[in-house]
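Architecture and fold: a report
What follows is the residue order along each chain.
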Amino acid sequence: MRRTVVNRVVLGTVGAVLLAAGVLVLAGGLDLYRRLGVHPPQWWPLTSPDQPVVSARSRGRWVASSWWWPTVIGGLTALVAGMAWWLVAQLRRSGLSSIAVPTPGVSGLRLRVGARALEEALENGTAVLPDVERAGVRLVRAPGHPRLRGAVRLRPGGDPAALVEHFEDGPRTDACGSLRLAELPADLRIRVLQAAHAEPRPGRGRRGRRGRGQARVE
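Reference entry: report on the structure contained in this document. Remember, it's a predicted structure, so these values are computed and weren't measured experimentally.

Attention now moves to helix α6 (residues 160-179). Between its first and last C-alpha, α6 extends 27 Å over 20 residues, near the 28 Å set by a 1.5 Å rise per residue. Where α6 bends most, at Phe-167, the angle is about 40 degrees, and the proline Pro-171 comes one to four residues later. For α6, the set of buried residues is Pro-160, Leu-163, Val-164, Phe-167, Glu-168, Gly-170, Pro-171, Arg-172, Ala-175, Cys-176 and Leu-179. You can read the cap of α6 off the contacts: a side-chain oxygen lies 3.1 Å from the backbone nitrogen of Ala-161, and it is on Asp-159. Once α6 ends, the next one or two residues include Arg-180, with phi positive near 60 degrees.

A separate point is the pairing of strand β4 (residues 147-154). A one-sided burial pattern is seen for β4, the buried positions being Leu-148, Gly-150, Val-152 and Leu-154 and the unburied ones Arg-147, Arg-149, Ala-151 and Arg-153. The pairing of strand β3 (residues 132-140) with β4 spans 8 bridges and is antiparallel. If you follow Val-140 over to β4, its bridge partner there is Arg-147.

Under the criterion given, the structure shown has 6 salt bridges. In this structure, Asp-31 engages Arg-34 in a salt bridge whose closest nitrogen and oxygen atoms are separated by 2.6 Å. Residue classification places Asp-31 among the buried positions, given a relative accessible area of 13%. Among the ionic pairs, Arg-147 bridges to Asp-187, the shortest N-O distance being 2.9 Å. With Arg-147 in strand β4 and Asp-187 in strand β5 (residues 186-192), the pair connects residues that are 40 residues apart, well separated along the chain. Relative accessible area serves as the criterion here: at 26%, Asp-187 is assigned to the partly exposed category. In the salt-bridge network here, residues are joined through shared partners; they are Arg-116, Glu-119, Glu-120 and Glu-123.

Before going further, it helps to examine the nonpolar core. Among the nonpolar cores identified, the biggest contains 25 residues, and Leu-118, Leu-139, Leu-148, Val-152, Leu-154, Leu-184 and Ile-190 are the most heavily contacted of them. Listed by contribution, the elements that provide at least two residues to this core are β1 (98-101), α5 (115-126), β3, β4, α6 and β5. With 6 residues, the top contributor of residues to this core is α6. Those residues in contact with Leu-118 that sit more than four places away from it in its chain are Ile-99, Leu-139, Ala-175 and Leu-179.

Calculation notes
- Residues numbered from 1 in each chain as written.
- Predicted model: local features only at pLDDT ≥ 70, side-chain atom pairs only at ≥ 80, totals over all residues.
- Heavy atoms only, no water.
- Helix = DSSP H or I, 4+ residues; strand = E, 2+ residues; numbered from the N terminus.
- Expected span 1.5 Å × (residues − 1).
- Bend = angle between axes of the 7 residues up to and from the residue.
- Buried < 20%, exposed > 50% of the residue type's maximum accessible area, 1.4 Å probe, protein only.
- Polar contact = N/O pair within 3.5 Å; in protein donor to acceptor, adjacent residues only side chain to side chain.
- Pairing = 2+ DSSP bridges.
- Salt bridge = Lys/Arg side-chain N within 4 Å of Asp/Glu carboxyl O.
- Core = buried A, V, L, I, M, F, W, Y, C linked by side-chain atoms within 4.5 Å.
- Contact = heavy atoms within 4.5 Å.

Here it is in structure tokens:
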């Protein structure tokens, strides 16, 4: 699952829980149940301004139970562990920050190019086609060598095959030549926008030449 999806799910869940708790506290604190003539069930929390969220009787009954402390400790431990995992995931970058450029014949020289500069060059080189509405490229880690992941959105009637050919013979080949890389595999995800009267196209994949990568059309 992508990081953005996880973030949305986590933030949406936390926000929904906090909103529900806030509404319950606000309704009880403002005595809205009595003013509106609503009679909640007896187990409903905080039905009046003078009522605590958890009654003393309930607190005493729960504390005396054998499951109380293991549940509280286990729940808090799981919560802290989940928050720590989420924080580490935000700080960790899944892509590369830079890429090494070979310098044959020059000893002691280490040359690196920023990943964002390379990504912008590839995006600009891809977006020159008139059918391209939007293009995004990322440089990610892969076993043995870096790899490109691109997402391109074509306007209605755009030609995915022409885009793949242009990307392989243009931006990707130029990047390999500039960085002196033997291979720079790429995965392209192509989305063709449909006109209002057009039927959706079925998804299909196209393998790049010499195993350089794969393009998926949606």
